[in-house]
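Structure assessment
Here's the letter readout for the chains.
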Amino acid sequence: MAWLHGWVGLLLGWVLFVMCLAGTLSLFKPEIGQWMRPETNAKADPADAIQAAATWLTANAKDSNAWFFTVPSDRMNTVEATYDTGGKYLYRALDPVTGAPAPRETLGGEFFYRLHFELELPYPWGRLLASIAAMVMLVALITGIIAHRRIFKDYFTFRPAKGQRSWLDGHNALGVLATPFHLMITFTGIVTLASLNMPWAITATYGNDLEAVYHDLSPGIAERERANVPAPLAPIAPMLREAQHQLGGTIGRVYVLNPGDKGAVVSVFRSDADQLGFNMAEMSFDGVTGQPLRKWRENRAAVQTYNIVYGLHMARFAPIFTRWLYFLGGAMLTLAIATGMVLWIVKRRERAPLSIGNRIVERLNVGVLAGVPLGCAAYLLANRLLPLGIEGRAELEVSIALYTAAAALVVGAALKPRWSWPLLTGITALACMLAAILGLSASVMSAVLLATGAALAWLAVQQSRGPKQRPQRRRRTA
């Protein structure tokens, strides 16, 4: 079990590190998005905000076949809109009053959310890799539990400045203290991608008819073909208020299919911010007349079970205290993966100091474990430094994050770990502090960035001093 734990952890450890770090940050996706759009601070009633967004899209995306909205909430004041135009889908944060895109074009926290389960790879390859990595993570957790003969003692054991023993103690403590959370978040993550990693039940029942799958999972959505007869979209705000009354909760998402056509449909979904389960009720309206078409409350046990498992992973239901507990658990899992990767090298470096394979893994460790946080910090810093009006600004922020991480990988491969660790860690600390200072706000986000920068600066100083040498024991003489 110990052998399997070590090798499956190494197999996809770097991928898991990226996934866990991005997933932990995406717990505060709305807050990160709001911090990255400081110019957009107006608030409006959710129904009026969606109406404003629909009005702007009607005038500026006339060739669009579908609009997908996320309704503003207490955590996010903009309308998150995804729509197709010119043959490609765009993501924009829209002003809740004017409906126009926010002046500071950025993906905000959406970048971390997508990175968590798509890894910046095209569909479906990123999700498939994330799914496989999650299954590997579950194997690593189970084998780690079995291999721990002193699991309760590890709750309280940490011996600092002891070399390999300190790394092992740190890895054990980070893994053991939040084991229930780690098991829950890993298993629920696998289930959310079940249609990719275990598609056979769907294909056996439906074949390749995915539309039938989606219809059976969400019967409240009315499907219509485009009629190719122009017709204005009816006011959306009254539909949303009617849906909120009928569904018995706040509105979370709105889909508008075939806008500007006689076959237009408006589908409204209840928010999962006030319930544990995901997608528990929906209602559809005729987009031209505003008349209700279908309504559905989910009562099927199997689907409800899936929705609750999905909701547990997404944590949109979580109040602020629970969300910080999720964040703490995610940070511990991220650090457990990082310390495990370092421990793998520390153990083998002592056994085979001249091994070329160990040296390659050690340098890749530096590039990934120090480079990915540096890329995240560069993303936030680019948000404050890039001019507002440049074309493709959101894509440029993402490119800066990815190229920065790639450059860190090159530095980690080129320099000895003795120098690359403090160098990359120190640059990341500086980038976090600069992002907080340039943020010009006394927000929790800026405070977290400052605290992270300070912690990384301390770590860089410790790394620059190198490992402490163990005192040599004097041999007894007769």
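The preceding data block contains the structure.
Let me sum up the structure you'll find in this document. Everything quoted here is computed from the prediction, not taken from an experiment. (Residues numbered from 1 in each chain as written. Predicted model: local features only at pLDDT ≥ 70, side-chain atom pairs only at ≥ 80, totals over all residues. Heavy atoms only, no water.)

Let us look at the sheet that holds strand β2 (residues 79–85). Here seven strands make up an open sheet; going across it, the order is β3-β2-β1-β4-β5-β6-β7 and the pairing antiparallel. For this open sheet the edge positions go to β3 (88–94) and β7 (292–297), each flanked by a neighbour on one side alone. Between one strand axis and the next, the sheet turns through 15° on average, direction left out of account. As judged from the four bridges shared by strand β1 (residues 66–70) and β2, these two strands associate in the antiparallel manner. Looking at the pairing, Phe 69 lines up with Ala 81 of β2. Across the sheet, helix α12 (residues 236–247) touches β4 (251–257), β5 (265–270), β6 (281–286) and β7, and the angle it forms with β6 is around 145°. (Pairing = 2+ DSSP bridges. Helix = DSSP H or I, 4+ residues; strand = E, 2+ residues; numbered from the N terminus. Axes fitted to C-alpha atoms, helices over the stretch in contact; angles between N-to-C directions. Contact = heavy atoms within 4.5 Å.)

In this section: the side chain of Asn 77. Mapped onto the fold, Asn 77 is located in the loop between β1 and β2. We classify Asn 77 as buried; its relative accessible area is 6%. One polar contact links the side chain of Asn 77 to the main-chain carbonyl oxygen of Thr 40, over a distance of 2.9 Å. From its side chain, Asn 77 meets the backbone oxygen of Ala 42 in a polar contact 3.1 Å long. (Buried < 20%, exposed > 50% of the residue type's maximum accessible area, 1.4 Å probe, protein only. Polar contact = N/O pair within 3.5 Å; in protein donor to acceptor, adjacent residues only side chain to side chain.)

Here we come to the packing of helix α2 (residues 13–26) against helix α14 (residues 320–351). Direction vectors running N to C along α2 and α14 enclose 160°, while the axes themselves pass 9 Å from each other. By the angle between their axes, α2 is roughly antiparallel relative to α14. Handedness of the α2/α14 crossing: left-handed. When α2 is examined against α14, the residues Gly 13, Trp 14, Leu 16, Phe 17, Cys 20, Leu 21 and Thr 24 are found in contact with a partner set consisting of Phe 327, Gly 330, Ala 331, Leu 333, Thr 334, Ile 337, Ala 338 and Met 341. A breakdown of the residues in the contact of α2 with α14 according to their chemical character gives 11 nonpolar, four polar and no charged. (Parallel < 35°, antiparallel > 145°, perpendicular 65-115°, else oblique. Left-handed = near helix turned anticlockwise from the far one by under 90°. Nonpolar A, V, L, I, M, F, W, Y, C, P; charged D, E, K, R; others polar.)

Turning to the packing of α2 against helix α5 (residues 110–118), a few remarks are in order. At a closest axis distance of 8 Å, the pairing of α2 and α5 adopts a crossing angle of 145°. As for the relative orientation of α2 and α5, their crossing is left-handed in sense. Touching Val 18, Met 19, Ala 22, Gly 23, Leu 25 and Ser 26 of α2 are Phe 112, Tyr 113, Leu 115 and His 116, all from α5. Here the residues of the contact of α2 with α5 are counted per class, giving seven nonpolar, three polar and no charged.

Right, let's talk about the side chain of Ser 420 for a bit. Tracing the backbone shows Ser 420 in helix α17 (residues 417–438). Of the residues examined, Ser 420 reaches a relative accessible area of 0% and is grouped as buried. Setting aside residues up to four positions removed in sequence, Ser 420 forms contacts with Val 366, Val 411, Gly 412 and Leu 415.

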